[in-house]
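Residue strings, one per chain:
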Amino acid sequence: MENVFDTITMQAAHEKAVAAGKQAAQAVSDQYFNGGDGGACGFSWVNAEKTRANSKQGKALASVGFRKNYTNSFQMWNKWWGGQSVDAGDAGAQAYARVFEAETGIKMYAGSRLD
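Residues numbered from 1 in each chain as written. Predicted model: local features only at pLDDT ≥ 70, side-chain atom pairs only at ≥ 80, totals over all residues. Heavy atoms only, no water.

Engineer: Please give an account of the sheet that holds strand β2 (residues 67–68) that cites residues and values.
Structural biologist: Taken in spatial order, the four strands make up an open sheet running β2-β3-β1-β4, and their pairing is antiparallel. Looking at the sheet topology across the chains shown, the edges are occupied by β2 and β4 (108–114). Pairing of β2 with strand β3 (residues 73–77) involves two bridges; the strand directions are antiparallel. Across the sheet, residue Arg 67 finds its bridge partner in β3, namely Gln 75. In this fold helix α2 (residues 56–63) packs onto β1 (42–50), β2 and β3, with an angle of close to 10° to the strand it touches most, β3. (Pairing = 2+ DSSP bridges. Helix = DSSP H or I, 4+ residues; strand = E, 2+ residues; numbered from the N terminus. Contact = heavy atoms within 4.5 Å. Axes fitted to C-alpha atoms, helices over the stretch in contact; angles between N-to-C directions.)

Given below as structure tokens:
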């Protein structure tokens, strides 16, 4: 797929990816924690491929909430799971990355770590 960097398309891709992330996180919660929060506590996020902040891609990523991090890539912290479960958060991050990449053509990476 060709990369798409306009704000409207990026916002639609973000909303679709957040919905997928919420669904995946809730599925893990339902399967392992009876629909609640449980398991190890941690954080989750997604990284976009390395991009210059002043490029069209960088500006489009920033428009939906991505920020540059210390590795010089654009990063967004968990927007898909309100709990502390690293398992649910990671499932949401992977779903977000998969959907956002499919919608925009921007290479995405999911990440998580224990607290």
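Engineer: Explain the nonpolar core residue by residue, including any values.
Structural biologist: Side chains that are nonpolar tend, in soluble globular proteins, to be buried together. The biggest cluster of nonpolar side chains holds 27 residues, and the ones touching the most others in it are Val 46, Leu 61, Phe 66, Tyr 96, Phe 100 and Met 108. Elements with a contribution of two residues or more to this core: α1 (7–33), β1, α2, β3 and α3 (86–104). The biggest single contributor to this core is α3, with eight residues. Excluding its chain neighbours within four sequence positions, the residues that come into contact with Tyr 96 are His 14, Ala 17, Val 18, Gly 21, Val 46, Phe 66, Met 76, Trp 80 and Met 108. (Core = buried A, V, L, I, M, F, W, Y, C linked by side-chain atoms within 4.5 Å. Buried < 20%, exposed > 50% of the residue type's maximum accessible area, 1.4 Å probe, protein only.)

Engineer: Hey, could you go over the environment of Thr 9 for me, with residue numbers and the actual values?
Structural biologist: Structurally, Thr 9 is set in helix α1. As a C-alpha pair, Thr 9 and Glu 103 span 94 residues in sequence and 8.5 Å in three-dimensional space.

Engineer: Account for the packing of α1 against α3, with residues named and values stated.
Structural biologist: Packing of α1 against α3 brings their axes to within 7 Å, and their N-to-C directions diverge by 150°. Taken together, the axes of α1 and α3 are roughly antiparallel relative to one another. In this structure, the crossing between α1 and α3 has a hand that is right-handed. Counting all contacts with α1, which are made through Met 10, Ala 13, His 14, Lys 16, Ala 17, Val 18, Ala 20, Gly 21, Ala 24, Ala 25, Val 28 and Phe 33, the residues of α3 involved are Asp 87, Ala 88, Ala 91, Gly 92, Ala 95, Tyr 96, Val 99, Phe 100, Glu 103 and Thr 104. Taken together, the residues of the contact of α1 with α3 sort by class into 15 nonpolar, four polar and three charged. (Parallel < 35°, antiparallel > 145°, perpendicular 65-115°, else oblique. Left-handed = near helix turned anticlockwise from the far one by under 90°. Nonpolar A, V, L, I, M, F, W, Y, C, P; charged D, E, K, R; others polar.)

Engineer: Lay out the pairing of β3 in plain terms, naming residues and giving numbers.
Structural biologist: Successive side chains on a regular strand alternate, one facing one side of the sheet and the next facing the other. The element β3 is extensively covered by neighbouring structure, given that four of its five residues are classed as buried. Here β1 pairs with β3 via four bridges, running antiparallel. For Trp 45, the partnering residue across the bridge sits in β3 and is Trp 77. Hairpin geometry of β2 and β3 is characterised by an intervening segment of four residues between the two adjacent antiparallel strands and by a positive phi of about 70° at Asn 72.

Engineer: A description of α1 should follow, citing residues and the corresponding values.
Structural biologist: For α1, spanning 27 residues, the distance from its first C-alpha to its last is 37 Å, which sits close to the expected 39 Å at 1.5 Å a residue. Along α1, the positions that sit buried rather than exposed are Met 10, Ala 13, His 14, Ala 17, Val 18, Ala 20, Gly 21, Ala 25, Val 28 and Ser 29. In this structure, the buried residues of α1 make contact with α2, β3 and α3. Downstream of α1 by one or two residues, Asn 34 has phi in the positive range, about 55°. (Expected span 1.5 Å × (residues − 1).)

Engineer: So what about the environment of Gln 31? Which residues, and what values?
Structural biologist: Counting through the fold element by element, Gln 31 comes out in helix α1. Separated by 3.3 Å, the side chains of Gln 31 and Tyr 32 make a polar contact. (Polar contact = N/O pair within 3.5 Å; in protein donor to acceptor, adjacent residues only side chain to side chain.)

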